[in-house]
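# Residue-level structural notes
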Amino acid sequence: MKRAVVLLSGGIDSTTTLAIAIAEDYETYALSFDYGQRHQIETDAARRVANSLGAKEHRIAKIDMRIFGGSALTDDVDVPKQRSETEIAHGIPITYIPARNTIFLAYALALAEVIPAADIFIGVNAIDYSGYPDCRPEYIEAFERMANLATKAAVEGKQHIHIHTPLIRLSKAEIIRRGLDLGVDYSLTSSCYDPSPDGLACGHCDSCLLRLKGFSENGVRDPIAYIG
């Protein structure tokens, strides 16, 4: 059976990506990160999702991106709320974490070389997103080129890494529809940048707004709980 490393945050995009990889008959090795984010709700969601969908293995790597800061998700900075669709679509917000996907993909690459696996799945999206530079197709293409220069297995001709981005051209509504078609239970997921201590989504950050819009466009109620 083909093996794949799947980056899993526990949000809608990574959860749908894991479901797609499994549907494509990959034996999936989910990889999540405890990177110093504001809350552990994200890693809890990733555990639930990995168990629900049937990942072969789920690892959580502990790294500390708080030593750099520079983001509302890892530093003492307010999370932007109630931004318009135009504001969300333009500019790079303070919720961007410097070099996060580069770091995450580097870990995925290391795991892929060890398993071994030639395939890495990541749920980046360049349509309904917040302008993050490390979600663009050109970034993924560049990382894939680098990956095939960077490992012993690739240099020895034993492995050719392919980075799969099945959601990159889909809207949030299309992503949710794909997941629903695959039987994903989105009540297990967490997307909010600023949830309450007991895990309720704020409903006002960029991530919540895009999530709610995606469910609304599908005519389906978002199954997670929100504050208020």
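This text gives an overview of the structure that appears in the document.

Reading the values: the criteria
- Position numbers for residues start from 1 in each chain and track the written sequence from start to end.
- Reporting in this predicted model follows two pLDDT cut-offs: at least 70 for local features of residues, and 80 or more for side-chain atom pairs to be given and counted; totals over whole chains, interfaces and linings ignore these cut-offs and use all residues.
- The basis for every side-chain value is the complete set of non-hydrogen atoms in the structure, without hydrogens or water.
- Disulfide assignment relies on a single distance test, namely cysteine sulfur atoms paired within 2.5 Å.
- Secondary structure elements follow DSSP: runs of H or I no shorter than four residues count as helices, runs of E no shorter than two count as strands, and numbering proceeds from the N terminus.
- Three exposure classes are used, based on accessible area relative to the maximum for each residue type with a 1.4 Å probe and protein chains only: buried under 20%, partly exposed in between, and exposed over 50%.
- Any two of the Phe, Tyr and Trp rings considered here, Trp counted by its six-membered ring, make a pair once their centres fall within 6.5 Å; the pair's planes then place it as stacked at under 30 degrees, edge-to-face at over 60, or tilted in between.
- Definition used: whenever NZ (Lys) or CZ (Arg) falls within 6 Å of the ring centre and also within 35 degrees of the ring normal, the charge is taken to sit over that ring.
- A helix is expected to reach a length of 1.5 Å times the quantity of its residues less one.
- Here the arc refers to the directions that run from the helix axis out to each C-beta atom.
- Whether two residues touch is decided by their heavy atoms; if any such pair falls within 4.5 Å, the residues are in contact.

Moving on, we get to the state of the cysteines. Counted under the stated rule, the structure contains 0 disulfides. With no disulfide of its own, C202 lies closest to C192 among cysteine sulfurs, the gap being 3.5 Å.

What follows concerns unusual backbone geometry. In this structure, P116 follows I115 across a cis peptide bond, with omega equal to -5°. Secondary-structure assignment places P116 in the loop between helix 4 (100–114) and strand 4 (119–121). Positive phi is not limited to glycine here, since Q82 has a value of about 55°. Topologically, Q82 is positioned in the loop between strand 3 (57–62) and helix 3 (85–89). Given the relative accessible area of 52%, Q82 is considered exposed.

On to the packing of aromatic side chains. Counted by the stated rule, this structure contains 6 aromatic pairs. Taking 5.1 Å as the distance between ring centres and 75° as the angle between the ring planes, the aromatic pair formed by Y26 and F121 counts as edge-to-face. A residue pair is termed long-range when its members are at least 10 positions apart, and Y26 in strand 2 (residues 26–34) and F121 in strand 4 qualify at 95 residues. The class of Y26 is buried, set by a relative accessible area of 8%. Note on F121: relative accessible area 1%, which makes it buried. The interplanar angle of 85° and the centroid separation of 5.4 Å between the aromatic rings of F33 and Y107 together place this pair among those described as edge-to-face. Taken as a pair, F33 in strand 2 and Y107 in helix 4 lie far apart in primary sequence, 74 residues in all. Taking NZ or CZ as reference, K2 lies 4.0 Å from the ring centre of Y26, over its face.

Here helix 4 is 15 residues long and its end C-alpha atoms lie 22 Å apart, about the 21 Å a rise of 1.5 Å per residue gives. R100, N101, F104, L105, A108, L109, L111 and A112 are the residues of helix 4 that are buried. One face of helix 4 carries all of its buried residues, which in axial projection span an arc of 165°. Buried residues in helix 4 make contact with strand 1 (2–7), strand 2, strand 3, strand 4, helix 5 (137–150) and strand 5 (162–164).

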